[in-house]
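Structural description and commentary
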Amino acid sequence: MNTKTALVISGNKYPQGDASAVRQHAFALLLRDLGYAPRVIGFGDYTGEAWKTFEGIPYRSLRAKKQGVLSRVWNRLMFGRHVLCFLRKASCALDVILLSGGFPNQFRRLEKYAKKNNVILLYDSVEWYSKEEYAIGALHWEYHASEYINRCAVTSAWRVIAISRFLQSHFQQKGCKTVRIPSILDVQSITVPAYDRAEKFSAVYAGNPGRKDDLAGIIRGFLLLSAEERARVQLTIIGPDASQLIRVCGLREEELQSASDFLKVCGRVPRDEVLRAIQSADCTVLLRNEELRFAKAGFPTKVAESLACGTPVMCNLSTDLADYLREGENAFLIAGHTPQAVAQAARRLISASGDDLARMRKCARATAEENFDYRLYRACLRSLLEENA
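I will try to describe carefully the structure that is included in this document. (Residues numbered from 1 in each chain as written. Predicted model: local features only at pLDDT ≥ 70, side-chain atom pairs only at ≥ 80, totals over all residues. Heavy atoms only, no water.)

Structurally, Glu229 is set in helix 8 (residues 227-230). In terms of polar contacts, Glu229 uses its side chain to reach the side chain of Arg347, at 3.1 Å. Discounting residues that sit within four places of it in the chain, Glu229 has contacts with Arg347 and Ile350. (Helix = DSSP H or I, 4+ residues; strand = E, 2+ residues; numbered from the N terminus. Polar contact = N/O pair within 3.5 Å; in protein donor to acceptor, adjacent residues only side chain to side chain. Contact = heavy atoms within 4.5 Å.)

What follows is the structure, given as structure tokens:
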């Protein structure tokens with residue numbers, strides 16, 4: 001019997017360059033478990049025309065070798081066209097295409113290809129931008145692209161994997177066969193080290209915040225702690241550097257200086273170092289305006305990854321997080337998205353005992369094992385792939 005073939009198309013830095021790439025890898029592993037031979041086309045480090053392998057999954061990057069600004073922009077704009085060229089030259093027939101992200105013009109072209117070649121189309125829907133994310137608001141091209149993709153480009157020809165109930169409801173109303181799969185990863189591959197209580201309570205943020213994650217609000221919340229309380233905690237920021245905290249995140253320079261007694265800003269570090277920092281922290285921290293559309297539509301990989309590391313989360317309840325997080329069990333919940341609410345949650349952290357934190361770490365890991373391991377969603381994806389779907 002011939003093995004069915006699947007192609008995962010991702011504009012992200014596959015295999016491990018960003019959070020979205022981790023999700024795409026989980027889907028490649030799922031497809032393999034379901035009897036498909038998956039390959040991934042991504043936009044990670046340059047591979048030339050050679051196929052490389054990551055954990056048994058063949059992948060290739062369509063990123064150009066030249067890394068000048070104009071080259072990067074042009075190559076990104078041409079990503080969809082390069083994908084179509086690859087499909088036309090492919091030596092074997094495809095049974096499934098799973099698209100994550102992409103530019104609006106990719107959808108129509110892939111629909112035509114799929115109809116001609118009898119290919120099942122899957123779209124992994126993970127976001128719907130809000131104009132509040134951009135300095136120029138609704139004038140930003142990314143906002144318009146997101147609007148067009150979610151409202152027009154994804155037709156009933158696509159079967160949709162929605163990361164949240166918000167997106168699931170939207171695409172079901174459009175007549176798309178839709179299943180909900182939250183942030184997933186290979187939880188079993190992540191080890192949980194023995195808990196070693198440090199002298200200070202540690203909170204870690206790791207990621208690329210853009211304007212989605214309110215790092216300024218987090219830091220301002222910690223600044224509201226008393227001098228004695230601040231002396232007992234360290235907040236580590238991984239991803240943005242100090243200049244980005246000011247330029248992008250809206251923190252004032254004097255606030256950054258005032259936070260120097262408890263704040264450590266690391267900038268970008270390799271992924272294995274990020275995981276070690278999360279694993280050794282007492283909690284990770286995340287703050288979003290839960291009332292905005294992007295926060296309702298997305299689902300933070302940061303939360304699933306933190307829980308998989310056995311690390312509780314300090315965050316407010318955006319998207320579907322209320323389904324998974326419980327105060328004092330696996331989370332320090334922030335009531336809203338104000339600095340005052342962050343300070344209240346931080347005080348609960350520094351009043352927790354070692355036994356409390358050890359118990360919460362076990363609960364955090366259990367939550368990840370029960371909800372975010374990709375293996376849990378085999379039947380869900382299989383149902384989407386059924387011929388009569």
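Further remarks concern the sheet that holds strand 12 (residues 283-286). Read from one edge to the other, the open sheet built from six strands follows the order 11-10-9-12-13-14, with strand pairing classed as parallel. Of all strands in the sheet, those bounded by a partner on one side alone are strand 11 (263-267) and strand 14 (331-333). The sheet shows a mean angle of 25 degrees between the axes of neighbouring strands, taken without regard to direction. Examined bridge by bridge, strand 9 (residues 201-206) and strand 12 share two bridges and lie parallel to one another. Opposite Val204, over in strand 12, you have Thr284 as the bridge partner. (Pairing = 2+ DSSP bridges. Axes fitted to C-alpha atoms, helices over the stretch in contact; angles between N-to-C directions.)

Below, the discussion takes up the nonpolar core. Ranked by size, the top nonpolar core spans 96 residues in total, and within it Leu87, Phe222, Leu235 and Met314 carry the most contacts. In terms of residues, this core owes the most to one element, helix 14 (residues 339-350), which gives seven residues. With near-sequence residues (within four places) excluded, Met314 lies in contact with Phe222, Cys283, Thr284, Val285, Leu286, Phe332, Ile334, Ala345, Ala346 and Leu349. By size, the runner-up hydrophobic cluster in this structure holds 29 residues, among which are Tyr14, Ile120, Ile161 and Ile184. (Core = buried A, V, L, I, M, F, W, Y, C linked by side-chain atoms within 4.5 Å. Buried < 20%, exposed > 50% of the residue type's maximum accessible area, 1.4 Å probe, protein only.)

Before going further, it helps to examine helix 5 (residues 141-153). The end-to-end C-alpha separation of helix 5 is 15 Å, well short of the 18 Å expected for 13 residues at 1.5 Å each. Elements in contact with the buried residues of helix 5: helix 4 (104-117), strand 6 (120-125), helix 6 (165-173) and helix 12 (293-297). (Expected span 1.5 Å × (residues − 1).)

Looking now at unusual backbone geometry. Pro15 follows Tyr14 through a cis peptide bond whose omega is 10 degrees. Relative to the assigned elements, Pro15 resides in the loop between strand 1 (4-10) and helix 1 (19-33). Phi at Thr319 is positive, roughly 40 degrees, even though this residue is not glycine. The topology assignment puts Thr319 in the loop between strand 13 (313-315) and strand 14.

The next thing to look at is the sheet that holds strand 4 (residues 57-61). The strand order across the open sheet formed by eight strands is 3-4-2-1-5-6-7-8, and the pairing between neighbours is mixed. In this open sheet, the two edge strands, each paired with only one partner strand, are strand 3 (52-54) and strand 8 (178-180). Recorded for the sheet is a direction-independent mean angle of 25 degrees between the axes of neighbouring strands. Sheet topology note: the strand 5 (residues 96-100)/strand 6 ladder contains five bridges and is parallel. Bridged to Leu99 within strand 6 is Tyr123.

All right, on to the pattern of salt bridges then. Considering all chains together, one arrives at 21 salt bridges under this definition. The partner of Asp213 in a salt bridge is Lys302, with the nearest N and O atoms 3.0 Å apart. Of this pair, Asp213 sits in the loop between strand 9 and helix 7 (215-223) while Lys302 is found in helix 13 (residues 301-308), placing the two residues 89 residues apart along the sequence. Residue Lys302 is classed as partly exposed on the basis of its relative accessible area of 25%. For Arg252, the salt bridge is made with Glu254, and the minimal N-O distance between the two is 3.4 Å. Among the residues examined, Arg252 registers a relative accessible area of 43% and is labelled partly exposed. Accessibility expressed as a relative area gives 45% for Glu254, which makes it partly exposed. Overlapping salt bridges bring together Arg220, Arg252, Glu254 and Glu255 as one network. (Salt bridge = Lys/Arg side-chain N within 4 Å of Asp/Glu carboxyl O.)

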